[in-house]
Structures are given as structure tokens and as C-alpha cells.
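Now for the letters of each chain:
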Amino acid sequence: MAADHRGTAQDTAHAMRTDVLVVGAGPAGLMLACELRLGGAEVTVLDERPGPTTESRATTLHARTMEILDSRGLLDVLGTPPCEPRGHFGGIGLDLTLPSSHPGQWKVPQGRTEELLQDRAVQLGADLRRSHRLTGLTSGPDGVSADALGPEGPVRFSARYLVGCDGEDSTVRRLVGADFPGRDAVRELLRADVSGIRTPDRRFLRLPDGLAISATRDGVTRVMVHAFGSRARHRTGAPDFAEVVEAWKRVTGEDIGHGVPLWINAFGDAGRQLDRYRHGRILFAGDAAHQQMPSGGQALNLGVQDSFNLGWKLAAEIRGDAPDGLLDSYHTERHAVGADVLANIRAQSRLLLGGPEIEPVRAIVAELIALDDVRTRLAGTISGLAVRYDLGDGGDHPLLGLRLPPAGLTRLADGGATTVRTAELFRRGTGLLLDLGADTDLAPGDLAAAARDAHRVVRVSARPAPGSPLHAGEALLVRPDGHVAWAGRSTGDPALHTALRRWFGEPDRARTAPHQSTETAAAR
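Reference entry: report on the structure contained in this document.

## A short note on the sheet that holds strand β26 (residues 475-478)
Here's step 1: Read from one edge of the open sheet, six strands run β23-β22-β25-β24-β26-β27, paired in mixed fashion. The sheet is open, and its two edges are formed by β23 (416-421) and β27 (484-488), each paired on a single side. Direction aside, the axes of adjacent strands within the sheet are offset by 30° on average.
Here's step 2: As paired strands, strand β24 (residues 431-435) and β26 are joined by four bridges and run antiparallel to one another. If you follow L432 over to β26, its bridge partner there is V478.

## Details of helix α10 (residues 372-383)
Here's step 1: Helix length check: α10, at twelve residues, gives a terminal C-alpha distance of 16 Å against a target of 16 Å (1.5 Å per residue), a fit within 8%.
Here's step 2: Among the residues of α10, R375, L378, A379, G380, I382 and S383 are the ones counted as buried.

## Quick look at the pairing of strand β6 (residues 92-95)
Here's step 1: Alternating positions in β6 separate cleanly, I92 and L94 being buried on one face and G93 and D95 remaining unburied on the opposite face.
Here's step 2: Pairing between strand β5 (residues 86-89) and β6: four bridges, direction antiparallel. Counted as the bridge partner of F89 is I92 from β6.
Here's step 3: Hairpin geometry of β5 and β6 is characterised by an intervening segment of two residues between the two adjacent antiparallel strands and by a positive phi of about 65° at G90.

## Points about the pattern of salt bridges
Here's step 1: Counting across every chain of the model gives 31 salt bridges.
Here's step 2: The residue R233 makes a salt bridge to E243 at a minimum N-O spacing of 3.5 Å. Here R233 is found in the loop between β16 (220-227) and α6 (241-252), whereas its partner E243 is found in helix α6, with ten residues between them in sequence.
Here's step 3: The exposure class assigned to R233 is exposed, which follows from its relative accessible area of 54%.
Here's step 4: Residue classification places E243 among the buried residues on the basis of a relative accessible area of 15%.
Here's step 5: Note that R479 is salt-bridged to E333, the shortest N-O span being 2.9 Å. You can see R479 sitting in the loop between β26 and β27 and its partner E333 sitting in helix α8 (residues 328-353), a full 146 residues away along the chain. Considered together, R479 and E333 belong to a single accessibility category, that of buried residues.

Rules behind the numbers
- Residues numbered from 1 in each chain as written.
- Predicted model: local features only at pLDDT ≥ 70, side-chain atom pairs only at ≥ 80, totals over all residues.
- Heavy atoms only, no water.
- Pairing = 2+ DSSP bridges.
- Helix = DSSP H or I, 4+ residues; strand = E, 2+ residues; numbered from the N terminus.
- Axes fitted to C-alpha atoms, helices over the stretch in contact; angles between N-to-C directions.
- Expected span 1.5 Å × (residues − 1).
- Buried < 20%, exposed > 50% of the residue type's maximum accessible area, 1.4 Å probe, protein only.
- Salt bridge = Lys/Arg side-chain N within 4 Å of Asp/Glu carboxyl O.

It is worth stressing that arrangement in space is one thing and function is another; only the former is reported here.
This is how it looks when you write it as C-alpha cells:
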């Protein structure tokens, strides 16, 4: 792996030490910090910016991301944002309604998402260093040393692992020298938030000379425009407002030059992805690992879900109880998901930004989307609900590899019964052995050992509510990221013990608490 060390700040002996250094305090970096702290790892987050973004970037949280936030109790803080059941695929309307606790797309400005995750990360004990710019790093077999320039001058950090969450122009990726293959942008959309203008709301309106999108909220109009035949420019900064005005007039015939631009940017249809998400002690998540056109908010959601997969695995590595290959499974699982998302976004970019020649294809796609199987497939991809990890030879249960579907349960504990949602069982970020009345072929003490100690897997006995997607008489082993690692009708199934070892390592009998008490703790 390339090792690049610039701007040495001070001797390693005086470096600030942490378990994991996260570079980038966007949604991916902050979600990762939360997950690492839940897993017991010390984490420091560096970011160049003085605070959460004030720019009007991504505004959409999809169903799977909302489920993730729910599983960590964050929706109690966020509240209930506006929801739109319909999204789009390449500008063609698409009903995103699927079985979920939060179907559709939820409108949350990126700055609010960052504030939410920042507050939780700090509350959990993450060390957040704002106005710190990474200037160099070295990596070895035992850890990483990183230099940064902060408000009070240069500083050095020493960490066991470093994760680059610093966006598509990642400094970490540049310093590592990681290959980032793919293609440059060919077409682009100009985007601006403008006050003081009046223009009709337009949802992916294709006009003879281009594509126009506009919507007004709270006196501010967001316009997006692409003139057919125009090419993406190499940019080192935001476009001038005059460029947006010219393109908007060319496409719509309207003059918005008298408006006041509040924010302007351009995004193209470039598509790139790292060959490897792990480079020794350095890993990547979010846009630092993959670059794509932010179609329908998929980029932000993909990054948050990267971190949700990585966090519990890296925390286990830090604790020392990770089984062999656990950390490498992050690349295996998320690289495949990223490749699928990049492929669907590339198709969308052709449908969205292609000229009149693409109209016959759009007509056929619109007919196909009307078929429920096609709609379900596309909505599952965009929402993240269809992600299914290949867990190898783990059986043929229909839920294996999928996320545990949201469901109501009657939890049995301490001689009583209470109602609980599945999301509430993941508040502490542990794995879950959910017993829905399966045959129990192990003694209680063996069950406790099989379920590991309380910070790794907890056992909950429950019964599914009527109409639940879960079935009485089964048991499920669920990873901390909510994906089902085993399902069967007997806790004596050898495959359960294989799955426990694969995802949670060997039991630590000296630290394992009685399973009844861990069950109660998990459901608090």
C-alpha cells in the first residue's frame, strides 16, 4: 500500500492516540462514529469545516436509512419529516411504497441529518475535531499516523485504523494512492437555490431544448437545468449564476436573472468506485469509496449504509473479539452493493439527461415500471430495502441475508409480556438471537454461552404479532446491522453455531452474563 507522509507535526510519542480516526464529518463519517462508540471503540473525527453543512445538498432519506435511524433511537429526536411516497427512476415517476416501517422518501436537509448524527456521536463520546485539515499520513502493520492542520497549528494523531469518509475528492484516497477507476462526467445538471423569482413547479419536465426542474418552498426556488447537447465542464468551483440563468432561459424561455442566488452547484454523471474498500489499516466509506450522480438522494443513503455495515465490524476488531475475515466482509458486501447502485444511477443518468433520441427508451421503461414486479425491483434498489448480502452456505430461509423486516412483537421476559417493535431491540448496537418459539435443544447456560456476552449478542424471547412478516416457531440470528445471519426452527441447529462463530467469534464464557438479564437489557 502506498504510504505518503507530509507535513510532519511532532514526534509520534506525543501524538494524540485513538482507536479509529475518521476523516470527514458528513453523514457517513458521523454515522460511523456513532456505531464505533456503540461498539466500545474510541474514535476521533476530523473535518475541515467549522460545522455541519449549511448548503442545500441532499434532502432525501430513503426507507432503509430511516429504519436504521429508528433502530438506534434517532427518530425520537428527528421527529416525523415530510414524506413523499413517489420518487423517480431517471425522471420517470416511481412509487417507492414497499413493506417498511418508513416507506417512501423522507425530506430531511443534509445539514439536519449531520446535526442529528453529530449530536449523537458526541453524546456517545466521540471526539469531534472541527476545522482540522488532513495533510499527511503513514500506515504500517500495527496502525496509522496522520498529520492535520487545526486552528492552533499542526497536530498528529495515532490510530489503530483510519477510515476515509471525506467525499468524492477524498484527501485520504489521494494520500493512499488508491485506484479509483471509472468514467468522467459527460453530462451535468446545474442546480441553484434562488430567492425572489416566480416560476411554475416542474417535476422532471423534458422540453424541446432540455430538462427543467423547479420547486418553491418557504420562498426559495430550487432550479435544476440541463440543456440537451451540452457537455460537463471541468470545474474547480461552483458555476456562476449567469451560467444557470443562461441555461434556464435556453430551456424554458424564462428569465430568472433578477433573482438572488443563495447556493449554486453542478453535478455530473461521473461514475467511479474503488477496487478495494480496505487498504490494510485504512478503509473507505461513502463518496470517498464511490462517486456517482446524486440521483434521488441515493449517494447520501448509500454512504450511511456503508458505515452501518462497517461500524460494528471495526468495533469488534478493536475489542479483539472479531472472527477471522469479519472486517474484510465489509468490502465484500458493500462493494457489491455500491456497484449495483452505480449501475442503476448510470442507467438513470442516460434516461434523465439524454436528448430526444432517448425518448423511445423512456417510453418502454415507463411501460415496464407500471408492472408491479419491475416497480418493486427498482423501488427496492433505490430505497435500500432489497439489499441482500451473500452469506454463503447458510441455508435457504427467505430472510437470510436480508434485513430483519420491521414487525411488532410480544416480548416474554421476567414472567411478563410487553409489546415491542423489532427496531427497539437494536438500540445498543448488539447482535440479536430472536426466539419466536423455536425448539430449544440447549440448556439455558449453553444458550447464554451461544449468545455470547451482552455486548455482542443478546437473546430475546418473543411471539410475533398477528399479521407479522415473522413466523412463530422460528428463531433468527440477526447481526448488529439488522441483517439476518441464520434462521431456523431449532436453536440446536449446528448452522446456528457456525453463524455465531462466523459473525461474533468464539464465546467468552468468563464474561457471559445470564441470558435472562441480557434479554432484559437489550429491550430497554
